[in-house]
Amino acid sequence: MRKHLLALLLVVSSVAQAAPLKVAASFSVLANLVQEVGGSRVEVSSLVGMDEDAHIWQARPADLKKLSATSLFFVNGLGFEGWLKRVEQASAYKGQVITVSKNIKPRQMAEAGHESHNHGHTDPHAWHDPQAVMLMVEEIKLALTKADPAGADQYAQNATRFKGQIAELDQKTSAAFAAIPAADRKLVTSHDALGYLGARYQLQLLPLQSISTEAEPSARQMAALIREIRKNNIRAVFAENISNPKLIAQIASETQAKVGPPLYTDALSKKAPSWLSMFSQNTQAILDALK
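**Q** Any chance you could explain the confidence of the model for the protein here in plain terms?
**A** Regions with low pLDDT should not have their predicted coordinates read in detail. Averaged over the protein, the pLDDT score is 87; the fraction of residues at 70 or greater is 85%. Counted against residues more than four places away or in other chains, residues 9-16, with its pLDDT under 50, gives zero contacts. Segment residues 112-116: pLDDT under 50, and 13 contacts once partners within four positions in sequence are set aside and those in other chains are kept.

**Q** What is the right way to look at the side chain of Asp-123 in this model?
**A** Relative to the elements of secondary structure, Asp-123 occurs in strand E6 (residues 122-123). Residue classification places Asp-123 among the buried positions, given a relative accessible area of 0%. At 2.6 Å, the side chain of Asp-123 and the side chain of Arg-107 are in polar contact. At a separation of 2.7 Å, a polar atom in the side chain of Asp-123 contacts the side chain of His-125. Filtering out sequence-adjacent residues up to four positions away, Asp-123 remains in contact with Leu-78, Arg-107, Met-109, Gly-195 and Tyr-196.

**Q** How should unusual backbone geometry be read in this particular structure?
**A** Of all residues except glycine, most have a negative phi; of all peptide bonds, most are trans. In this structure, Gln-202 is a non-glycine residue whose phi angle is positive, near 55 degrees. With respect to the element layout, Gln-202 can be found in the loop between helix H7 (195-201) and strand E8 (204-207). The backbone of Asn-233 sits at a positive phi, close to 50 degrees, despite the residue not being glycine. Along the polypeptide, Asn-233 turns up in the loop between helix H8 (219-232) and strand E9 (236-238). Overall, Asn-233 belongs to the exposed group, its relative accessible area being 58%.

**Q** Is there a simple way to think about the side chain of Ser-91 in this case?
**A** By the secondary structure assignment, Ser-91 is in helix H4 (residues 84-91). Residue contacts for Ser-91: discarding those within four places in its chain leaves Leu-64, Leu-67 and Ser-68.

**Q** Explanation requested: the pairing of E8 in the structure shown.
**A** Side chains on a regular strand alternate between the two faces of the sheet. Relative to E8, strand E7 (residues 186-189) runs parallel, the two sharing four bridges. Bridge pairing in E8 places Val-188 opposite Leu-206. Tracing the backbone out of E7, into H7 and back to the parallel element E8 gives a crossover that is right-handed.

About the criteria used
- Residues numbered from 1 in each chain as written.
- Predicted model: local features only at pLDDT ≥ 70, side-chain atom pairs only at ≥ 80, totals over all residues.
- Heavy atoms only, no water.
- pLDDT = per-residue confidence, 0-100.
- Contact = heavy atoms within 4.5 Å.
- Helix = DSSP H or I, 4+ residues; strand = E, 2+ residues; numbered from the N terminus.
- Buried < 20%, exposed > 50% of the residue type's maximum accessible area, 1.4 Å probe, protein only.
- Polar contact = N/O pair within 3.5 Å; in protein donor to acceptor, adjacent residues only side chain to side chain.
- Pairing = 2+ DSSP bridges.
- Right-handed = clockwise from strand over helix to strand, strands pointing away.

Here's what the structure looks like:
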C-alpha cells in the first residue's frame, strides 16, 4: 500500500512539473517568438491575434481574464502598446511584465505623422530587423529561465537554435538585397512600419502616412505622394495585412508602379503564422517587386 502511495505521489508530482508555464504576449508576432524559445514548457496566449491591428485593439473581458491567469506578460515596448497601462489596471495583473526591446536602440521616425498610433516619434517596429529580434529572443530566454529554472537547458537550446535560423535568414537576405543596385531599392508602403527593415538592408521606404485601419489620407496627401513616386521612379507599392489595399491600388494605377502582395507588418496571419515565415515572405515579395 505504501509503495503504491509513493508511486502515485511521484506520478502526481511529475504531472505537476510537466504543466506548462502560462504566459501572455501583447501581439501575435511576439507570441511566436516566446513560443519558439519556450517550446513545450510554455503555453502562450496572444492578446492581439493574427490579422488584428494592435493600434486600435480593444480589450474584451475574456482577454483580461486570459491575462490574469498568466505569470509573465511579454510586451514589445517602445510605445507600441498604447493600451498597456489600461489593460494592466483593468485586469489587476499581478504577474511580471517583460519588455523585450529593453536592449534595442530605437529608431526615430523619419517624419511626424505617427502620433495617431500613440508611438510619438519613436519607431517601435523593431521585430523587422533580425538583429533586434535576436536581442528580443535573449530577453525572452532570460525571463523564462528565471521563472522556470528547471527548463533552463531547454530554453537555452531553443534560443540558440532559433537565433541560428534568424542569422542564416538575415545573411541570405543581405546578399539578395545587395545584388540590387541601391538606386533601385525604393518602395512605398501603406504604413510606416518597415523602417528597421529598410535600415538593415539599405532600402528607401516612402510610407504613405495615415493609411491604416484608423484613417485614410487626404486628396492633397495622395497627390503629393503620387508626385513623389513619379519623381523618384519608385517601382513597387505595398499594402499590409492590417490595412486597406484599395488606396495602394489607386496609387499604382496612377503611377504605373507594381503592386506587391500584402506585407505582414504588425500581425501574423494564417498565411504567415510565424516570425520566420513573415520575414521570409515580406522580404521575398519586396525582392520580387524590385527585380
